[in-house]
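Here is what each chain is made of, one letter per residue.
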Amino acid sequence: MSGHNHGDDGVSRRKVLECMTWAGTGVLWTVTGGVPRSLGIIDSAQAATAAAPGMSFLQISDSHVGFDKPANPNALGTLEEAVNKINAMRAKPSFMIHTGDITHLSKAAEFDNAERIISQTKLDVHYVPGEHDFIDEEVKLYRERYGRGTKGHGWYSFDAGGVHFIGLVNVVDLKAGGLGNLGAEQLAWLEDDLRGKSKSTPIVLFAHIPLWTVYPQWGWGTEDGGRALEYVKGFGSVTVLNGHIHQVMQKVEGNVTFHTARSTAFPQPAPGAAPSPGPMKVEDARLRSMLGVASINFKQNEQRLAIIDTPLQG
């Protein structure tokens with residue numbers, strides 16, 4: 001997000017939230033009266049300080065435990081680096097969200113290794129699956145670990161700190177080109193889940209593949225995501241958190257703020273910047289500046305939601 005003055009409250013929110021950056025790890029959102037504000041990219045110590053006053057939670061995504069190709073021969077190691085950054089935060093987050101692709105090949109050992117590292121945060125973790133978590137032969141390893149008490153293929157909701165969180169699954173029935181899909185059953189459940197909720201309740205939707213159309217040629221979007229977004233139109237504050245594309249991209253549409261998170265494993269090219277998506281090899285010195293996690297902070301009865309994004313390195 002270089003080129004914008006993030007320290008000034010008068011900065012254009014749209015410019016901040018629409019820009020795309022490779023430089024961060026943790027993102028802090030602060031909400032005041034349903035209006036989002038980004039504090040921009042700052043270091044982890046500043047993020048911890050800024051997060052302290054309100055209910056904060058972390059987003060982590062695309063750890064791809066088991067990946068060992070040239071783009072990052074040690075994805076487990078960079079996941080551990082991200083966890084060490086989380087543990088160094090002065091203000092302990094309330095919980096963590098993982099937006100999918102915990103593993104690379106859905107192997108039991110990969111899930112075990114991911115759990116061993118992520119559990120070092122000593123945080124409650126709320127998961128949704130990525131397509132890489134659903135490729136074991138019987139498609140049961142993710143569900144056995146994280147699917148208990150959920151609906152359908154693993155969707156669910158919960159409340160925390162005055163915010164209603166909804167975990168969605170859009171990786172089961174991928175459409176042409178790899179586009180995500182929620183399906184009629186899940187959409188009906190979502191509509192029912194939101195029924196009766198006060199329109200002043202902040203809503204956080206989280207899923208693996210972006211619910212908004214980032215780049216359909218690469219499957220970076222959800223075919224029926226628009227239907228899900230119709231159900232949250234009347235709410236004053238809606239935040240949509242996704243992973244999958246391994247880079248930070250943000251935008252605002254009406255009452256909805258969209259944010260995709262970095263991977264802790266490897267970067268992918270910007271939309272259209274390569275013949276196809278996939279692991280992108282960069283110079284070793286640059287890798288950790290392109291990996292990270294997100295920190296989000298919510299302050300009850302205030303008007304703004306702020307994001308801080310901090311890289312593993314740099």
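Above this text is the structure in question.
Thresholds, definitions, all that
- Residues numbered from 1 in each chain as written.
- Predicted model: local features only at pLDDT ≥ 70, side-chain atom pairs only at ≥ 80, totals over all residues.
- Heavy atoms only, no water.
- Helix = DSSP H or I, 4+ residues; strand = E, 2+ residues; numbered from the N terminus.
- Buried < 20%, exposed > 50% of the residue type's maximum accessible area, 1.4 Å probe, protein only.
- Contact = heavy atoms within 4.5 Å.
- Areas by Shrake-Rupley, 256 points an atom, 1.4 Å probe, with all protein chains shown as cover.
- Expected span 1.5 Å × (residues − 1).
- Salt bridge = Lys/Arg side-chain N within 4 Å of Asp/Glu carboxyl O.
- 1 Å grid on protein atoms, 1.4 Å probe; cavity = no way out; pocket = protein on both sides within 12 Å on 5 of 7 lines; lining within 4 Å.
- Points joined across faces, edges and corners; volume = space filled by probe spheres on them.
- Nonpolar A, V, L, I, M, F, W, Y, C, P; charged D, E, K, R; others polar.

Caption draft 1: Representation of the overall build of the protein chain. Along the backbone of the protein chain there are eight helices and 14 strands. When each of the 314 residues of the protein chain is scored for burial, the buried share is 57%. Contacts in the protein chain between residues far apart in sequence, at least 24 positions, make up 77% of those at least 6 positions apart. Carbon and sulfur atoms provide 49% of the accessible area of the protein chain, an area that totals close to 12,300 Å².

Caption draft 2: Summary view of helix α3 (residues 75-87). Between its terminal C-alpha atoms α3 stretches 18 Å, which fits the 18 Å expected from 13 residues at 1.5 Å a residue. Here α3 has its buried residues at Ala-75, Gly-77, Thr-78, Leu-79, Ala-82, Val-83 and Ile-86.

Caption draft 3: The pattern of salt bridges, seen in detail. Scanning the entire structure with this criterion turns up eleven salt bridges. Glu-230 serves as the salt-bridge partner of Lys-233, at 3.1 Å between the closest nitrogen and oxygen. When its relative accessible area of 54% is taken as the criterion, Lys-233 is described as exposed. By relative accessible area, which is 45% here, Glu-230 ends up partly exposed. Across the pair Lys-281 and Asp-284 runs a salt bridge whose closest N-O atoms are separated by 2.9 Å. Through salt bridges with shared partners, a single ionic network connects Glu-138, Lys-140 and Glu-144.

Caption draft 4: How the structure looks around the layout of surface pockets. As a volume, the largest pocket reaches approximately 170 Å³. What lines the largest pocket is a set of 19 residues, among which Glu-131, His-132, Trp-220, His-244 and Gln-268 lie closest to the centre. Looking at the lining of the largest pocket residue by residue, the classes come out as six nonpolar, ten polar and three charged.

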